[in-house]
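# Chains, contacts and geometry: an overview
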Amino acid sequence: MKVIVMDMDGTLLNDDKKVTEYTKKVLRDMKKRGMRIGIASGRPIIGVKRTVENLGISDIIQFMIASNGVELFDVGDKEKKDFYKLDVDTIFEIIDEYEQFDLNPYVYQGEDCYAARNDSTIERAARNNHLGIHLCDMKKEVTTPQSKLVLSTPPEKMESVEKFYEEHKSEKYRAFKSQADMFEFVHPKLSKVYGIRYYCEKYGYDISQVVAFGDTTNDLEMVRDCGTGVCMCNGTDDVKAVADIITTDSNDEDGLAKTLKEIINNVN
């Protein structure tokens, strides 16, 4: 094992959106052993960078994959890569198609969440990513390709939205639940694995040398395709079904750090 990659919400972070001192200590020990440690999040790169700094883990994290694979930042040489984005026409095609569910679509653009109206999901997303909220006519102000489109989706509507997506898939995008109240659309070629593969190839590693930790549907590909895939016990059933390991302890119980130590001890 040479590379450790972790989702943030529900995985590395506890429910208070913090990283415990115990988990920091374990990760610093792994870094001292020569392992590369990175984040793979659905959050935009600006939010990931600011969160890593505020959590006090800047000395640990060596790469950041953001927006579910669209963005990559290599801390070592400061390389910033943007991969496939959703074009504007596709974004508004999706918004129109899902209008029947009366959801609240938004995108991350610059320093703000751009949306037509505010709600608690958007407020949380802005707060967690240290961004502002810009309410606007999206069809007038969202004019460039975006890393992703998010539909703020009340949990009671999520099953219906997921079912509709499965019955009306398009070659123009792929979508998944990223949190209980977030349904996200990205370019069809992308998942978090895309950024992980790029980083591994850059430094001469194989994806079989990666251990990946996740908890929900946008983590499914990386948990499935990396050498060792770990799903948190607080994770969703679809990710548990493809995981090599399911943690005994949750994200509120240092489950990631404890499982990482077990994996290393077994390897050694």
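Refer to the structure above for everything that follows.
### Considering unusual backbone geometry
Positive phi values are uncommon outside glycine, yet Lys17 reaches one of about 65°. Residue position: Lys17 is located in the loop between helix H1 (8–12) and helix H2 (21–32). For His130, which is not a glycine, the phi torsion comes out positive at approximately 60°. Topologically, His130 is positioned in the loop between helix H5 (120–128) and strand S8 (132–135).

### Observations regarding the packing of aromatic side chains
Scanning the model with the defined rule gives 14 aromatic pairs in all. Plain terms: the ring middles of Phe83 and Tyr194 are 5.0 Å apart, the flat faces sit at 65° to each other, and that makes the pair edge-to-face. Here Phe83 is found in the loop between strand S5 (80–82) and helix H4 (88–97), whereas its partner Tyr194 is found in helix H8 (residues 192–203), with 111 residues between them in sequence. The exposure class assigned to Phe83 is buried, which follows from its relative accessible area of 14%. With relative accessibility at 31%, the residue Tyr194 sits in the partly exposed group. Taking 5.7 Å as the distance between ring centres and 90° as the angle between the ring planes, the aromatic pair formed by Tyr106 and Tyr108 counts as edge-to-face. An aromatic cluster of at least three residues, connected via ring pairs, comprises Tyr98, Phe101, Phe164, Tyr165, Tyr173, Phe183 and Phe185. A cation sits over an aromatic face here: Arg36 above Tyr203, 4.0 Å from the ring centre. A cation over a ring is seen here: Lys49 above Phe73, with NZ or CZ 4.0 Å from the ring centre.

### Observations regarding the sheet that holds strand S4 (residues 71–74)
Read across the sheet, 8 strands follow the order S5-S4-S3-S2-S1-S12-S13-S14 without closing on themselves; strand pairing throughout is mixed. Taken across any chain shown, the strands that pair with only one partner, and hence form the sheet edges, are S5 and strand S14 (245–246).

### With respect to H2
It helps to recall that an α-helix has 3.6 residues per turn; residues three or four apart then point in one direction. Here H2 contains 12 residues, and its C-alpha end-to-end distance of 16 Å stays within 8% of the 16 Å for a straight helix at 1.5 Å per residue. Those residues of H2 lying buried are Thr23, Lys24, Val26, Leu27 and Met30. For H2, the arc enclosing every buried residue in end-on projection is 165°, short of the 170-degree limit, so these residues lie on one face. Exposed residues pointing more than 90 degrees away from the buried face of H2 are listed as Glu21, Lys25 and Lys32.

### Description of the side chain of Thr216
Locating Thr216 in the fold gives a position in the loop between strand S12 (210–214) and helix H9 (220–225). Excluding residues within four positions of it along the chain, Thr216 makes contact with Lys177, Ser178, Thr236 and Val239.

### Things to note about the nonpolar core
Counting 31 residues, the largest nonpolar core has Ile4, Met6, Leu12, Ile61 and Phe213 as the members making the most contacts within it. A total of 5 residues in this core trace back to one element, the largest contributor, which is helix H11 (residues 255–267). Residues within four places of Ile61 in sequence aside, it is in contact with Met6, Ile37, Gly38, Ile39, Val52 and Val75. Core analysis: the second largest hydrophobic core is formed by 25 residues, Ala40, Ile196, Ile207 and Met222 among them.

### What to know about the pattern of salt bridges
Counted according to the given criterion, the structure contains 22 salt bridges. Arg50 is the salt-bridge partner of Glu111, the closest N and O atoms lying 2.7 Å from each other. Separated by 61 residues along the polypeptide, Glu111 in the loop between strand S6 (104–109) and strand S7 (112–115) and Arg50 in helix H3 (residues 45–55) bring together distant segments of the chain. If you follow the salt bridges from partner to partner, you end up with Asp74, Asp77, Glu79 and Lys202 in one network.

### Some details on the pairing of strand S1 (residues 3–6)
On S1, burial covers both faces: Val3 and Val5 on one face and Ile4 and Met6 on the other are all buried. When S1 meets strand S2 (residues 36–40), the two strands line up parallel, connected through 4 bridges. In the sheet register, Val3 faces S2, and the bridge partner there is Arg36. Across 4 bridges, the pairing between S1 and S12 is parallel.

Calculation criteria
- Residues numbered from 1 in each chain as written.
- Predicted model: local features only at pLDDT ≥ 70, side-chain atom pairs only at ≥ 80, totals over all residues.
- Heavy atoms only, no water.
- Helix = DSSP H or I, 4+ residues; strand = E, 2+ residues; numbered from the N terminus.
- Phe/Tyr/Trp six-rings, centres within 6.5 Å; stacked < 30°, edge-to-face > 60°.
- Buried < 20%, exposed > 50% of the residue type's maximum accessible area, 1.4 Å probe, protein only.
- Lys NZ or Arg CZ within 6 Å of the ring centre and 35° of its normal.
- Pairing = 2+ DSSP bridges.
- Expected span 1.5 Å × (residues − 1).
- Arc of directions from axis to C-beta.
- Contact = heavy atoms within 4.5 Å.
- Core = buried A, V, L, I, M, F, W, Y, C linked by side-chain atoms within 4.5 Å.
- Salt bridge = Lys/Arg side-chain N within 4 Å of Asp/Glu carboxyl O.

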